[in-house]
Amino acid sequence: MKKKIIDENKIEDVMNMLLKMYPEASCELNHGSKFELLIAVVLSAQTTDVSVNKVTPGLFKKYPGPQELAEANLSDVESIIKKIGLYRTKSKNIINLSKKLCEEFECQVPDSYEELITLPGVGRKTANVVLAEAFGIPRIAVDTHVFRVGNRIGLVDEKDVLGTEKALMKRLPENKWIIFHHLLIFHGRRCCTARNPKCETCLIKDICLEYNK
Ligand code: SF4
């Protein structure tokens, strides 16, 4: 069956309209270093960035780097991050991740996908966010917003996250991957929400395939 996607020449229009709606689009997880970013992204699985931003200041104050977090007591970490979902598993993961960083990567966050995904709690999406945000390496991390919005607009027509990532990488210019990722997340959080998207105020409704179907 033919894919339902917008014409190539409309992609730039979509980006420009999203840039007009969200000139401030960027990573919404507060962080002051590559290590803090990595931890914040691991904590953000199935939790909002807003909730993560509430617990990370206390966490990083007590454990400013991987050495400190590697030696942390599990129940202390649990009590600091207990307001976020899956906090028990995440506490274990960030301690073990810090140990591994210190044992195998000289306490530095690695800059390759293959190394990042060996860390506890780090999957494809997290690794891609870290590569793009911490190292400026072009990647499109597909989360629930990027998946939903990208497919609704018709940037791609895919059934799953991996297919969406690959198709977006094929259709979007590489030097726009990082900004497009942020724009789709901003749009998904503020306008093209999972339930009751605010289509009437959406600047891209004339292009959007979901709106015009
Ligand atoms: S028109 Fe509606 S469905 Fe399409 S991108 Fe805008 S908010 Fe989402």
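Parameters at a glance
Residues numbered from 1 in each chain as written. Predicted model: local features only at pLDDT ≥ 70, side-chain atom pairs only at ≥ 80, totals over all residues. Heavy atoms only, no water. 1 Å grid on protein atoms, 1.4 Å probe; cavity = no way out; pocket = protein on both sides within 12 Å on 5 of 7 lines; lining within 4 Å. Points joined across faces, edges and corners; volume = space filled by probe spheres on them. Helix = DSSP H or I, 4+ residues; strand = E, 2+ residues; numbered from the N terminus. Nonpolar A, V, L, I, M, F, W, Y, C, P; charged D, E, K, R; others polar. Domains from an automatic or database assignment. Near = heavy atom within 4 Å. Disulfide = S-S within 2.5 Å. Buried < 20%, exposed > 50% of the residue type's maximum accessible area, 1.4 Å probe, protein only.

Our focus in this paragraph is the layout of surface pockets. Approximately 460 Å³ is the volume found for the largest pocket. Contributing to the lining of the largest pocket are 24 residues, with Ser44, Asp49, Lys125, Asp143 and Arg189 lying nearest its centre. If you tally residues by element for the lining of the largest pocket, the top one is helix α11 (residues 177-190), at five residues. Considering only residue class, the lining of the largest pocket consists of nine nonpolar, nine polar and six charged. Each of domain 1 (8-26 + 139-201) and domain 2 (34-135) accounts for three or more of the residues forming the lining of the largest pocket.

Turning to the site of the ligand, a few remarks are in order. The ligand sits among Arg152, Ile153, His187, Cys192, Pro197, Cys199, Cys202, Lys205, Cys208 and Tyr211. Here the shell around the ligand is composed, by residue class, of seven nonpolar, one polar and two charged.

Turning next to the state of the cysteines. Tallied over the entire structure, the rule returns one disulfide. Note that Cys102 is cross-linked by a disulfide to Cys107, the S-S spacing being 2.5 Å. Taking the torsion about the S-S bond as the criterion, the Cys102 to Cys107 disulfide, at about 125°, is right-handed. You can call Cys102 partly exposed: its relative accessible area is 24%. Residue classification places Cys107 among the partly exposed residues on the basis of a relative accessible area of 21%.

Treat this as a map of the structure, not an account of what it does.
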